[in-house]
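So you can see what is in the structure, the chains are spelled out below.
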Amino acid sequence: MAAKEQQQHGVILDQDQFCCSICLDLLKEPVTIQCGHSYCRGCIEICWDQEEEKKKKGFYSCPQCRKSFTPRPVFYKTNMLAEVVEKLKKTDGQEAAPSAALAHAGPADVACDFCTGSRPNKASMSCLTCMASYCASHLQPHYSIPVLQRHKLVSATAPLQDKICSKHDKLMEIYCKTDRMCLCYLCTIDEHKHHNTVSAAAERGEEEKQLVASQHKVQQRAQEREGEVKELSQAVEDLKCSAQTAVQACEKIFSELISSFQRRCSEVKQRIRDQEQTAVDKAGNMLLQLKEEIAKLRRRDTELEQLSHDADHIHFIQAFQSLCSPCESVDLSVVVYPLRYFRDVSDSVSDLRIKLERILKDTWPGICSTVSSVDILLPPEPKTRDDFLLYCCPLTFDVNSAHHNLFLSNENRKVMKTSTETVYPAHSDRFTEVSQVLCREGLSRRCYWEVKWDIMGTLSVAVSYKNISRMSGSSKFGSNAQSWSLQHSLNGYCFRHNNAETKVSGHCSYKVGVYLDYQAGTLAFYDVSGTMTLLHKVKTTFTQPVYPGLGLTGQSYYYSSPSAELIKLW
């Protein structure tokens with residue numbers, strides 16, 4: 001009925017919440033200390049009276065949270081809590097301790113030393129004077145017997161054996177800072193005699209400060225991790241959405257390509273059939289005309305044969321004059337093509353297939369590499385050349401950007417400075433003032449490529465935005481904000497960007513590796529003549545795809561010209 005009445009009033013009271021954690025009974029004259037925990041006035045006063053050592057030092061601690069106070073707090077009765085406890089007592093009709101106080105000890109609990117039987121109760125307090133642990137029932141004498149009230153009680157959070165010195169069988173109350181371990185007072189007379197020792201309470205006070213700092217760091221780190229979890233979870237969702245969009249886009253593009261090829265195939269087949277019908281009809285008409293003419297000629301031949309046997313001279317002469325007139329016939333010119341017909345069509349389609357397969361062969365590795373580079377977490381920075389080669393990408397120079405004094409060869413991967421101008425068609429992408437060239441491929445991911453050159457001339461290994469100037473002196477790589485360039489000359493290396501020059505130390509070789517991490521905003525140049533040796537690394541933010549480029553500004557001679565080449569790594 002009591003529980004039912006409580007439910008009707010909208011409140012269900014749990015008796016365990018109104019028990020003193022010292023005596024484990026319902027609160028008697030409850031008081032609340034500054035940390036918020038409540039105790040029986042008599043229990044907390046006895047507990048603090050027993051802390052003689054702390055009393056001398058002038059600070060007191062909460063038995064539950066161990067928070068320290070100084071000076072000793074003044075108690076004030078908690079009237080509202082007292083009223084609630086009184087109602088609980090009247091509701092239950094008893095002041096017995098909660099059942100949880102007499103619960104059996106589990107594997108992780110401290111067992112009561114005075115309980116008999118195979119299943120002792122869980123101990124609530126330990127007496128450092130008696131060196132024993134007590135459940136709520138066996139603890140009562142320590143609150144009622146005057147001589148036991150002077151004993152020192154602590155919460156039974158750990159077995160007493162952990163607090164006893166194994167050598168002297170005494171309570172450990174001292175901390176050795178030298179050996180970082182807890183001691184009893186006899187240890188300070190023995191092997192720890194000249195060590196730096198303090199009381200356990202003093203050490204706890206210092207370590208509590210470190211605990212607060214550590215707790216703050218842990219909480220801060222936890223908040224950072226929570227932010228990272230949120231960011232990573234959002235990245236996973238964005239990746240899934242992007243993958244679905246890419247799959248749909250690729251499926252649409254390939255479907256359109258397949259449909260386009262199917263239309264072209266149907267169109268070619270229809271054209272072949274139409275042309276076949278046209279040629280057959282034309283040849284059929286020609287055959288009819290030829291057969292008609294043959295028939296006429298056959299009839300004339302028969303008439304002439306008959307006339308040759310006519311004995312009448314007058315009739316022969318008259319008939320011959322009419323038969324000798326030429327037969328009426330259409331002027332037909334019959335010339336038959338060599339036996340190839342539609343083989344040329346098949347050859348043209350075969351050439352188309354070869355060209356498409358070549359395009360697929362050149363572009364497919366880049367597509368696969370682009371797919372492989374997509375990830376939520378950035379992979380670690382490459383260390384060895386084999387690591388860098390995982391990011392190699394096919395590159396070719398754009399002939400529409402090459403200066404007239406540059407000649408491209410070797411599948412547009414090699415560039416040579418010439419003394420005569422190369423004839424190129426006019427194009428808005430062509431450099432007109434500086435002997436340099438850009439690649440066709442724009443990069444916006446992790447990529448690696450290598451460049452080698454001969455001993456002549458000055459070389460610029462660069463990356464640039466597409467919108468770099470093409471028709472002014474400021475279009476030189478590194479002389480503007482749109483390009484980054486490592487320049488090699490007889491004086492060594494230097495790095496240039498936005499017309500600012502940085503001297504780069506390092507062994508001058510004739511082979512350089514370039515590593516671009518677009519998302520991380522990293523551009524690095526390496527000497528790869530031996531091991532991977534970093535020459536220069538720049539950190540920036542790329543706002544649009546970058547294009548690899550080369551510049552050759554050395555002098556050309558009739559017997560030799562400076563040249564450079566993109567090494568084929570793929």
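These lines cover the structure that appears in this document, whether it is placed above or below. Keep in mind the model is a prediction, meaning the values are calculated, not measured.

Moving on, we get to the packing of aromatic side chains. Overall, the coordinates contain twelve aromatic pairs when judged by the stated rule. Where Phe 114 meets Tyr 134, the ring centres are 4.9 Å apart and the plane angle is 15°; that geometry is what we call stacked. Placement of Phe 114 in the loop between helix H4 (79-92) and strand S5 (125-127) and of Tyr 134 in strand S6 (residues 132-134) is noted, with a sequence separation of 20 residues between them. Since its relative accessible area comes to 45%, Phe 114 is described here as partly exposed. Between Trp 484 and Phe 542, the ring centres sit 5.3 Å apart and the planes meet at 75°, which makes this aromatic pair edge-to-face. Residue Trp 484 is found in strand S16 (residues 483-489), and its partner Phe 542 is found in the loop between strand S21 (533-539) and strand S22 (546-552); the two are separated by 58 residues along the sequence. Both residues of the pair, Trp 484 and Phe 542, belong to the buried class. Ring-pair connections join several aromatic residues into one group, and the members of that group are Phe 388, Tyr 391, Tyr 448, Tyr 515 and Tyr 526. Positioned above the aromatic ring of Tyr 547 is the side chain of Lys 466, whose terminal nitrogen or guanidinium carbon lies 4.9 Å from the ring centre. Positioned over the ring face of Phe 431 is Arg 470, at 4.9 Å from the centre of the ring.

With that out of the way, let us pick up the sheet that holds strand S19 (residues 511-517). Taken in spatial order, the seven strands of this open sheet run S11-S12-S23-S14-S19-S20-S21, and their pairing is antiparallel. Only two strands of the sheet have a single neighbouring strand rather than two, namely strand S11 (406-409) and S21. This sheet shows a mean twist of 20° between the axes of neighbouring strands, independent of strand direction. Bridge count between strand S14 (residues 446-453) and strand S23 (residues 563-566): three bridges; the pairing is antiparallel. By the bridge assignment, Trp 453 is partnered in S23 with Ala 564.

Applying the stated criterion to the full structure yields one cavity of 30 Å³ or more. One number sums up the size of the largest cavity: a volume of about 40 Å³. Counting residues per element, the lining of the largest cavity draws most heavily on helix H2 (residues 41-50), which supplies four residues. Taken together, the residues that form the lining of the largest cavity break down as seven nonpolar, one polar and no charged. Counting residues domain by domain, the lining of the largest cavity receives three or more from each of domain 1 (15-90) and domain 2 (125-200).

What counts as what
- Residues numbered from 1 in each chain as written.
- Predicted model: local features only at pLDDT ≥ 70, side-chain atom pairs only at ≥ 80, totals over all residues.
- Heavy atoms only, no water.
- Phe/Tyr/Trp six-rings, centres within 6.5 Å; stacked < 30°, edge-to-face > 60°.
- Helix = DSSP H or I, 4+ residues; strand = E, 2+ residues; numbered from the N terminus.
- Buried < 20%, exposed > 50% of the residue type's maximum accessible area, 1.4 Å probe, protein only.
- Lys NZ or Arg CZ within 6 Å of the ring centre and 35° of its normal.
- Pairing = 2+ DSSP bridges.
- Axes fitted to C-alpha atoms, helices over the stretch in contact; angles between N-to-C directions.
- 1 Å grid on protein atoms, 1.4 Å probe; cavity = no way out; pocket = protein on both sides within 12 Å on 5 of 7 lines; lining within 4 Å.
- Points joined across faces, edges and corners; volume = space filled by probe spheres on them.
- Nonpolar A, V, L, I, M, F, W, Y, C, P; charged D, E, K, R; others polar.
- Domains from an automatic or database assignment.

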